[in-house]
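Here's the letter readout for the chains.
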Amino acid sequence: MLTHTTSRVLEPGDLGAALAILESEPVNNAFVTARVQAAGLDPWRLGGEMWGWYTEGRLRSLCYAGANLVPICATPDAVRAFADRARRIGRRCSSIVGPAAPTAHLWRLLEPSWGPARDVRTHQPLMVTDQPAPGIEADPLVRRVRKDEMDVVMPACVAMFTEEVGVSPLAGDGGLLYQARVAELVGAGRAFARIEDGEVVFKAEIGAATPQACQIQGVWVAPEHRGRGLSETGMAAVLQYALAEVAPVVSLYVNDYNTPARAAYRRVGFREAGAFMSVLF
């Protein structure tokens, strides 16, 4: 039994203890919790390692180390231990993302060896709701994307990603991984769009989903249709689906400088309940 402070890579037998920590903050941890609930802790299935921080023999904090580096319920001591491990291994992730305070601490420790980052977004409000949109009629033309509509929805997904992240998801592997992720969401019935004349006008996906909480992502309105309130009525429709069929709490996080989006989400009923931070490489 571990009786001192230490960190190690978790194994499948640690699943129960890891889930107890993940599920203690279901909204903050929705992304990683969904992966662990589906794949367990086997690194090959999970797509990365799960690091654990122990104090007096008890698992207290986690860090997911895959395509993203994600501190989870991480105390300052745990962050220091995770940073030491990350420095030794070297950077393998494309981003660091998580609750703002531990993520900022982690980045301060890693920046001398991992920096500079391509972009640092220090304050991304985390917004939540457990109610349908108040006083906003859901767009009746927003519906699930069909599997045979991948060719229709992919250009909109690529445009959204490029606009949001600053690089194209088609770089590197030609977009194979990104297309597979979009296809996964479409196949699961968690991709939604308003499609007119064969083109996407509005789209959004329910990304991470657990029985406790889910996260809306990829919200996008075609540039020529902006300013018509389609983001609000479209989000009202997706929110309706999410609450009825996926989870009792719905969240999203948004860049603090995106004032129009924050205002639109507030009108749909989302309230700010914390903040995330992202470091993009």
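Each chain carries its own residue numbering, running from 1 in the direction its sequence is written. Predicted model: local features are reported for residues with pLDDT of at least 70 only, side-chain atom pairs are reported and counted for 80 or more only, and whole-chain, interface and lining totals are derived from all residues. Note that the side-chain values use all heavy atoms of the structure and ignore hydrogens as well as water.

### Thoughts on the overall build of the protein chain
Here is step 1: Along the backbone of the protein chain there are nine helices and 12 strands.
Here is step 2: The atom set for the radius of gyration is the C-alpha atoms, and the globule formula is 2.2 Å times the number of residues raised to the power 0.38. Rg of the C-alpha trace for the protein chain: 19 Å, near the compact-globule value of 19 Å for 281 residues, within the 12% margin.
Here is step 3: Burial here depends on accessible area, computed with a 1.4 Å probe over protein chains only, as a share of the maximum for the residue type. Under 20% is buried, over 50% is exposed, and the range in between is partly exposed. A total of 281 residues make up the protein chain; the buried ones form 51% of that total.
Here is step 4: The contact criterion used throughout is that any non-hydrogen atoms of two residues lie within 4.5 Å. Across the protein chain, the fraction of contacts at a sequence separation of at least 24, relative to all contacts at a separation of at least 6, is 69%.
Here is step 5: Only carbon and sulfur atoms are counted for the fraction: they give 53% of the accessible area of the protein chain, which is about 13,100 Å². Runs of E in the DSSP output that reach at least two residues are strands. Runs of H or I that reach at least four are helices, and both are numbered from the N terminus. Residue burial considers only the protein chains on display, and all accessible areas are found by Shrake-Rupley using a 1.4 Å probe.

### Side note on helix α2 (residues 30–39)
Here is step 1: Those residues of α2 that sit buried are A30, V32, T33, A34, V36 and A39.
Here is step 2: The secondary structure elements touched by the buried residues of α2 are α1 (15–22), α3 (43–46), β2 (49–55), β3 (58–65), β4 (68–72) and β9 (199–209).
Here is step 3: Directly beyond the C-terminal end of α2, a positive phi value near 75 degrees is found at G40.

### Concerning the sheet that holds β9
Here is step 1: Read across the open sheet, the 12 strands follow the order β1-β2-β3-β4-β5-β12-β6-β11-β10-β9-β8-β7; overall the sheet is mixed. With partners counted over all chains shown, the strands left at the sheet margins are β1 (6–9) and β7 (143–144), one partner each.
Here is step 2: Sheet analysis places β7 next to strand β8 (residues 191–196), joined by two bridges and oriented antiparallel. By the bridge assignment, R143 is partnered in β8 with A193.
Here is step 3: All axes here are fitted lines through C-alpha atoms, helices being fitted over the stretch that makes contact, and every angle between N-to-C directions spans 0 to 180 degrees. Packing of helix α5 (residues 100–114) onto the sheet brings it into contact with β4, β5 (95–99), β6 (119–129) and β12 (271–280), and relative to β5 it is tilted by some 155 degrees.
Here is step 4: Strands in contact with helix α9 (residues 259–268) are β6, β10 (214–221), β11 (250–253) and β12; relative to β6, the strand with the most contacts, it is inclined by about 10 degrees. Whether two strands pair comes down to DSSP finding at least two bridges between them.

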